[in-house]
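Residue-level structural notes
As a plain string of letters, each chain reads:
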Amino acid sequence: MIDKAKQELDKLLKGNENFVSGKPQAVTKSLETLQKFEKYQAPFAVVLTCSDSRVVPEIIFDCGIGELFVVRVAGMTTGPNVVESLEYAVKKLHVPLLLLLGHDDCGVMKFAAENYPDVTENFKAFAKCVYPVIENYGPSVCSTEFAKKHTFWVEEFLLTHSKIIKDAVDSNELYIAKCHFNHATGRVEVID
């Protein structure tokens, strides 16, 4: 199954090249495609990324309807709903690839670094997910490097807190790819 996951990752990276070159190829963006998936879905990957309006996996990977199961949350932070959404994609939809997609200029990373070690009343979940990275690497890490370190932390968190994800990885049914999106170039790099 790992070979299948790596094929899917290659497909996404090729799609990113299409996006960067300004020559998208996806034609599965029509009502006809949606109607094909009216009663089921069969995405080939699950993507966990930030809610940032500049980070739109379907566009930056040149994908259409039904190809990706996307979970977006500010700062790519984790919590029960996020973990369960990923587990659903792994257990029910049998996706072979989980792609963790961090990005440049992440507001949550900046906010966390600016407010560390204080925890504001309204952003406790952000602090819980981002402060461990600061504690390991320091708040002076630039936001891009900080976001990359956070992506690694998210993988570790998922493997520690989700038996479904850990078992799928251990049995070679799931591959986790850690990636980073650069706003200036439009490129996605694998940071494994």
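Quick note: structure is the one above.
Residues numbered from 1 in each chain as written. Predicted model: local features only at pLDDT ≥ 70, side-chain atom pairs only at ≥ 80, totals over all residues. Heavy atoms only, no water.

1. So, the packing of helix α7 (residues 143-161) against helix α8 (residues 163-170)
For clarity, the cut-off: Every angle, taken between N-to-C directions, lies between 0 and 180 degrees, and every axis is a line fitted to C-alpha atoms, over only the stretch in contact when it is a helix. Under the scheme used here, helices are H or I runs from DSSP no shorter than 4 residues and strands are E runs no shorter than 2 residues, and both carry numbers assigned from the N terminus. Each angle is binned into one of four classes, with values under 35 degrees roughly parallel, values over 145 roughly antiparallel, values of 65 to 115 roughly perpendicular, and all other values oblique. Whether two residues are in contact is decided by their heavy atoms, any of which lying within 4.5 Å being enough. Think of it as three bins: nonpolar holds Ala, Val, Leu, Ile, Met, Phe, Trp, Tyr, Cys and Pro, charged holds Asp, Glu, Lys and Arg, and polar takes everything else, Gly as well.
Where α7 meets α8, the closest approach of the two axes is 5 Å, and the angle between their N-to-C directions is 100 degrees. Judged by the inter-axis angle, α7 sits roughly perpendicular to α8. Mapping the contact onto sequence places Leu 158, Leu 159 and His 161 in α7 and Lys 163, Ile 165, Lys 166 and Val 169 in α8. Classifying every residue of the contact of α7 with α8 gives four nonpolar, one polar and two charged.

2. A word on the environment of Phe 37
Structurally, Phe 37 is set in the loop between α2 (31-36) and β1 (45-49). Setting aside its immediate chain neighbours within four residues, Phe 37 contacts Ala 42, Ile 65 and Gly 66.

3. A few points about the environment of Phe 146
Where we set the bar: Each residue is assigned to one of three classes by its accessible area relative to the maximum for its type, calculated with a 1.4 Å probe on protein chains only: buried under 20%, partly exposed between the two thresholds, exposed over 50%.
Considering the arrangement of structural elements, one finds Phe 146 in helix α7. Take Phe 146: its relative accessible area is 2%, and that puts it in the buried class. Through-space distance from the C-alpha of Phe 146 to that of Gln 35 is 41 Å; in sequence the pair is 111 residues apart.

4. Notes on the pattern of salt bridges
Spelled out, the test is: Note on definitions: salt bridges are taken to be side-chain nitrogens of Lys or Arg within 4 Å of carboxyl oxygens of Asp or Glu.
Counted under the stated rule, the structure contains 13 salt bridges. Across the salt bridge formed by Glu 17 and Arg 187, the nearest N and O atoms sit 2.7 Å from each other. Placement of the pair is Glu 17 in helix α1 (residues 2-21) and Arg 187 in the loop between β4 (175-181) and β5 (188-190), with a sequence separation of 170 residues. Glu 17 sits in the partly exposed class, given a relative accessible area of 38%. Note that Arg 54 and Asp 52 form a salt bridge whose closest N and O atoms lie 2.7 Å from each other.

5. Regarding the packing of aromatic side chains
Put simply, the test is: Only Phe, Tyr and Trp rings take part, Trp by its six-membered ring, and two of them pair if their centres are within 6.5 Å. Stacked means planes under 30 degrees apart, edge-to-face means over 60, and tilted covers everything else. Think of it as a cone above the ring: NZ of Lys or CZ of Arg counts as a charge over the ring if it is within 6 Å of the ring centre and within 35 degrees of the ring normal.
Scanning all chains against the criterion turns up five aromatic pairs. Arranged with centres 5.0 Å apart and planes meeting at 85 degrees, the rings of Tyr 116 and Tyr 131 form a pair that is edge-to-face. Taken together, the positions of Tyr 116 in the loop between α5 (107-115) and α6 (124-137) and Tyr 131 in helix α6 put the pair 15 residues apart, joining distant regions of the chain. Residue class for Tyr 116 comes out partly exposed when judged on its relative accessible area of 28%. Taking relative accessible area as the criterion, Tyr 131 reaches 9% and is therefore assigned buried. Directly above the aromatic system of Tyr 175 lies the positively charged group of Lys 6, at a separation of 5.3 Å from the ring centroid. In this arrangement the basic side chain of Lys 11 is found over the ring face of Phe 44, its NZ or CZ atom lying 4.1 Å from the centre.

6. Re α6
What counts, and what does not: The length a helix should cover is 1.5 Å for every residue beyond the first. The quantity called bend is, for any residue, the angle between two axes fitted respectively to the seven residues ending at it and the seven beginning at it.
End to end, α6 covers 20 Å across 14 residues, agreeing with the expected 20 Å (1.5 Å per residue, within 8%). Where α6 bends most, at Val 130, the angle is about 40 degrees, and the proline Pro 132 comes one to four residues later. Contact partners of the buried residues in α6: α5 and α7.

7. Remarks on the sheet that holds β5
Sheet strands pair via backbone hydrogen bonds, and the direction of the pair is either parallel or antiparallel. Put simply, the rule is: Following DSSP output, two strands are said to pair if at least two bridges run between them.
Read across the open sheet, the five strands follow the order β2-β1-β3-β4-β5; overall the sheet is mixed. The open sheet terminates on both sides in strands that have one partner only, identified here as β2 (68-72) and β5. Taken over all neighbouring pairs, the strand axes of this sheet differ in orientation by 25 degrees on average, direction set aside. As paired strands, β1 and β2 are joined by five bridges and run parallel to one another.

8. Structural notes on the pairing of β1
β1 sits mainly inside the fold: five of its five residues count as buried. By the alternation rule, side chains of β1 split into Ala 45, Val 47 and Thr 49 and Val 46 and Leu 48, which are all buried. Sheet topology places β1 next to strand β3 (residues 97-103); four bridges connect them, and they run parallel. Across the sheet, Leu 48 pairs through a bridge with Leu 100, a residue of β3.

These figures capture arrangement, not role.
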